[in-house]
Amino acid sequence: MPPTTTRWPAVVSVTLGLFVIVTTEILPIGLLTSIGADFTVSDGTAGLMMTLPGFLAAVSAPLVTAATARTDRRPVLGALLLTLTAADFLAAVATDFRLILVSRVLVGITIGGFWSVGSGLAERLVRPASAGRATAVIFSAVPLGSVLGVPAGTFVGDLAGWRTAFAAMGALTAAVLVMLLLTVPSLPPVRTVRLAVLGRALRGRPVLLALLLTFLVVLAHFGTYTYVTPFLEQVTHAGDVTVTACLLLYGAAGILGNFLAGSRVSRRPRLVLGLAAGLIATAALLLPVLGRSTAGAPALLIVWGVAYGAVPVASQTWFAKAVPHAPEAASVLFTASFQATFSAGALAGGAVLDRTSPSAVMVAGGCVAALAVLVVTLAPGGGPSRRTAAATAAAARRGNPPLRAEEARPGGTA
């Protein structure tokens, strides 16, 4: 049954939980060269800090969701934030790069579990009429992590060292954990998610097309943006203050892109994702040319930020429409595919960077984003049918997703 009361403090707690997760996940982007220098590893090797969490998140998303399917969601979220706190403090005191990688493994487990469970809780915390607004608030954690978390972490790292930045994140995560336990009510599972449900969903053409486009766009983005700091330092010749300012501008543009996409994505997720891919391709391909100046680089990063701000919400919406009868399964598919590609992009970008240059990384990523635009343009259909869309809309008005008869039994699959 839909909730009879609206718990905005609980929504804020879940949002802050995702905020600290997103910030911790991408924090090494601004600290990459500092950490690599301290442990005498190349920028490409240091990029493993971005690769490992994504791969672990892709694996843990279905496994954690299935393993905790009959467990109250509140202690599950609390345990995952406790794991993230430990990961942050471990990174802060690491004496060897291998310990940094161990901490990133813990981050990956947290990402997969928390995103899969937490991103779909809006409809259980607020009345049906407010569910859309609450979902938008929860997903705002992605651009907020870029606009506030990464620049702030980079600033702290420049001021007091990268270890202090991770220690500060550990303290903030512990505070969010306490707030979550105080504000989020008991949330017993209403439908369990089994791995067989995910297998059935993967046989649908809309899901396969969503997977392909998510793979191409996210591969292009993280294969390049992971190494934007080396590009700004080596090609733009930007100092620490300028790098932080560029990351801040990028994050602010991401928030704008998130809200711009929010007004269109429910009706045209394919169009939104295609436009975002086109803008990312344009920015990445032009950076080696126009990004050599301290005026051109920030301008292109703003365009890039607006584009990427639309990607997570467009991709997640597409998955939700493709699997309307199983919203938590849709969240698992979105999280797993997004995080796996996140890692693949960071790994591929690091390999290109170690063998060529930051400019070559940008060109390669731009070409992949251009390929995504081509797929969006030429691929037939792929979106949900009118019948599916009507069923989804009717379910939203009732406050519950449609279930098949065999799935409506207590303890049945989602």
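First things first, this report covers the structure right here in the doc. (Residues numbered from 1 in each chain as written. Predicted model: local features only at pLDDT ≥ 70, side-chain atom pairs only at ≥ 80, totals over all residues. Heavy atoms only, no water.)

## Thoughts on the packing of helix α12 (residues 205–225) against helix α18 (residues 358–378)
Following both chains from N to C, one finds α12 and α18 inclined at 160°, their axes separated by 8 Å at the closest point. Between α12 and α18, the crossing angle belongs to the class labelled roughly antiparallel. Here the hand of the crossing between α12 and α18 comes out left-handed. On α18, the residues that touch L209, L212, L213, L216, V217, L219, A220, G223 and T224 of α12 are V361, M362, G365, V368, A369, L371, A372, V375 and V376. Looking at side-chain class alone, the contact of α12 with α18 contains 15 nonpolar, three polar and no charged residues. (Axes fitted to C-alpha atoms, helices over the stretch in contact; angles between N-to-C directions. Helix = DSSP H or I, 4+ residues; strand = E, 2+ residues; numbered from the N terminus. Parallel < 35°, antiparallel > 145°, perpendicular 65-115°, else oblique. Left-handed = near helix turned anticlockwise from the far one by under 90°. Contact = heavy atoms within 4.5 Å. Nonpolar A, V, L, I, M, F, W, Y, C, P; charged D, E, K, R; others polar.)

## A look at the environment of R104
One can find R104 in helix α6 (residues 97–118). A residue is classified by how much of its surface remains accessible, and R104, at 1% relative accessible area, is buried. For the pair R104 and A91, spaced 13 residues apart in sequence, the C-alpha separation works out to 8.2 Å. (Buried < 20%, exposed > 50% of the residue type's maximum accessible area, 1.4 Å probe, protein only.)

## Some details on helix α4 (residues 48–67)
With 20 residues, α4 extends 27 Å between its outermost C-alpha atoms, agreeing within 8% with the 28 Å of an ideal straight helix rising 1.5 Å per residue. Every buried residue belonging to α4 is among M49, M50, T51, P53, G54, A57, A58, S60, A61, P62, V64 and T65, and all of these are buried. (Expected span 1.5 Å × (residues − 1).)

## What about the environment of L180?
If you trace the backbone, L180 turns up in helix α10 (residues 162–183). Residues L180 and L77, spaced 103 residues apart in sequence, show a C-alpha to C-alpha distance of 8.3 Å. Residue contacts for L180: discarding those within four places in its chain leaves S13, R74, L77, G78, L81 and F114.

## Things to note about the packing of aromatic side chains
On inspection of all chains with the given rule, the structure shows six aromatic pairs. On the numbers, 5.7 Å between centres and 85° between planes, the contact of F222 with Y308 is edge-to-face. Here the residue F222 occupies a position in helix α12, and Y308 occupies one in helix α16 (residues 296–322), the gap between them amounting to 86 residues. Exposure remark for Y308: the relative accessible area of 8% places this residue in the buried category. (Phe/Tyr/Trp six-rings, centres within 6.5 Å; stacked < 30°, edge-to-face > 60°.)

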